Amino acid sequence: MTAVVEPDTVNDWRTRKRVPGCRVTAAGLTSRPLADEAVLFYERLRTAGWSRTPDPRDAPGEASLRFRSGGSDCLFNIYAGTTVGTRAEIEVNNALAPRSGYQRYNVLVLCVRAME
């Protein structure tokens, strides 16, 4: 997996305000169907110590889930293809060339400071 981390402002679902945060744009390769890779990705997050945010307000139809770790609340979104169209997305996609039997998948993560 390859990633680009950038400062960003994020629409905070709790305060309904734009707040300072960061954006992580990543790409990885998998031989699994995308839905299976998303399940495995979220299992890996939990194993690494991430927990669900209080009142997460997920978007499961979009494969987006909210997790908390180390003072940050992050929305993780798993998807395939060039969807966001940012320089970072193009950069991470160009960094990985799928070999036969593999496909590229993307992860967009928007993080803000954790709040009670």
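Shown above is the structure to which this text applies.
What you are looking at is a predicted structure, and each value in this text was computed from that prediction instead of being measured.

## Overview of helix α2 (residues 87–95)
Moving on, step 1. The complete set of buried residues in α2 reads Ala88, Glu89, Val92 and Asn93. One side of α2 holds all its buried residues, which, seen down the axis, span an arc of 130°. Of the residues in α2, the exposed ones pointing more than 90 degrees away from the buried face are Arg87 and Asn94.
Moving on, step 2. Against β1 (2–11), β2 (18–30), β5 (72–79) and β6 (103–113) lie the buried residues of α2.

## Let's talk about the side chain of Asn93
Moving on, step 1. Checked against the element boundaries, Asn93 lands in helix α2.
Moving on, step 2. Contacts of Asn93, omitting those with residues within four sequence positions, involve Ala27, Gly81, Thr82, Arg104 and Asn106.

## Quick word on the pattern of salt bridges
Moving on, step 1. Evaluation of the coordinates by the stated rule reveals 8 salt bridges.
Moving on, step 2. Here Glu6 ties to Arg87 by a salt bridge, and the two come within 2.8 Å at their closest N and O atoms. Of this pair, Glu6 sits in strand β1 while Arg87 sits in helix α2, placing them 81 residues apart in sequence.
Moving on, step 3. The salt bridge involving Glu37 is made with Arg32; its shortest N-O contact spans 2.9 Å.
Moving on, step 4. Bridged by salt links that share partners, the residues Asp12, Arg14, Arg68 and Asp73 form one connected network.

## What about unusual backbone geometry?
Moving on, step 1. One non-glycine residue, Arg16, lies in the positive phi region at around 60°.
Moving on, step 2. With respect to the secondary-structure elements, Arg16 resides in the loop between β1 and β2.

## Considerations on the packing of aromatic side chains
Moving on, step 1. Applying the stated criterion across every chain yields a total of 5 aromatic pairs.
Moving on, step 2. The interplanar angle of 90° and the centroid separation of 5.3 Å between the aromatic rings of Trp50 and Phe76 together place this pair among those described as edge-to-face. Pair noted here: Trp50 is in the loop between α1 (34–47) and β3 (51–52) and Phe76 is in strand β5, with a separation of 26 residues, a long-range link.
Moving on, step 3. On the basis of relative accessibility, which here comes to 5%, the residue Phe76 falls in the buried class.
Moving on, step 4. With a centroid separation of 6.0 Å and 80° between ring planes, the pair formed by Phe67 and Phe76 is classed as edge-to-face. The exposure classification of Phe67 matches that of Phe76, with both residues buried.

## Overview of the state of the cysteines
Moving on, step 1. The final tally for this structure, using the stated rule, is 1 disulfide.
Moving on, step 2. Each sulfur in the disulfide pair Cys74 and Cys111 lies 2.0 Å from the other. Where Cys74 bonds to Cys111 through sulfur, the torsion about that S-S bond is close to 110°, and the disulfide is right-handed. Linking Cys74 in strand β5 with Cys111 in strand β6, this pair joins segments that are 37 residues apart in sequence. In terms of burial, Cys74 and Cys111 fall into one category: buried.

What counts, and where the lines are drawn
- Residues numbered from 1 in each chain as written.
- Predicted model: local features only at pLDDT ≥ 70, side-chain atom pairs only at ≥ 80, totals over all residues.
- Heavy atoms only, no water.
- Buried < 20%, exposed > 50% of the residue type's maximum accessible area, 1.4 Å probe, protein only.
- Helix = DSSP H or I, 4+ residues; strand = E, 2+ residues; numbered from the N terminus.
- Arc of directions from axis to C-beta.
- Contact = heavy atoms within 4.5 Å.
- Salt bridge = Lys/Arg side-chain N within 4 Å of Asp/Glu carboxyl O.
- Phe/Tyr/Trp six-rings, centres within 6.5 Å; stacked < 30°, edge-to-face > 60°.
- Disulfide = S-S within 2.5 Å.

What is shown is where atoms sit, not what they do.
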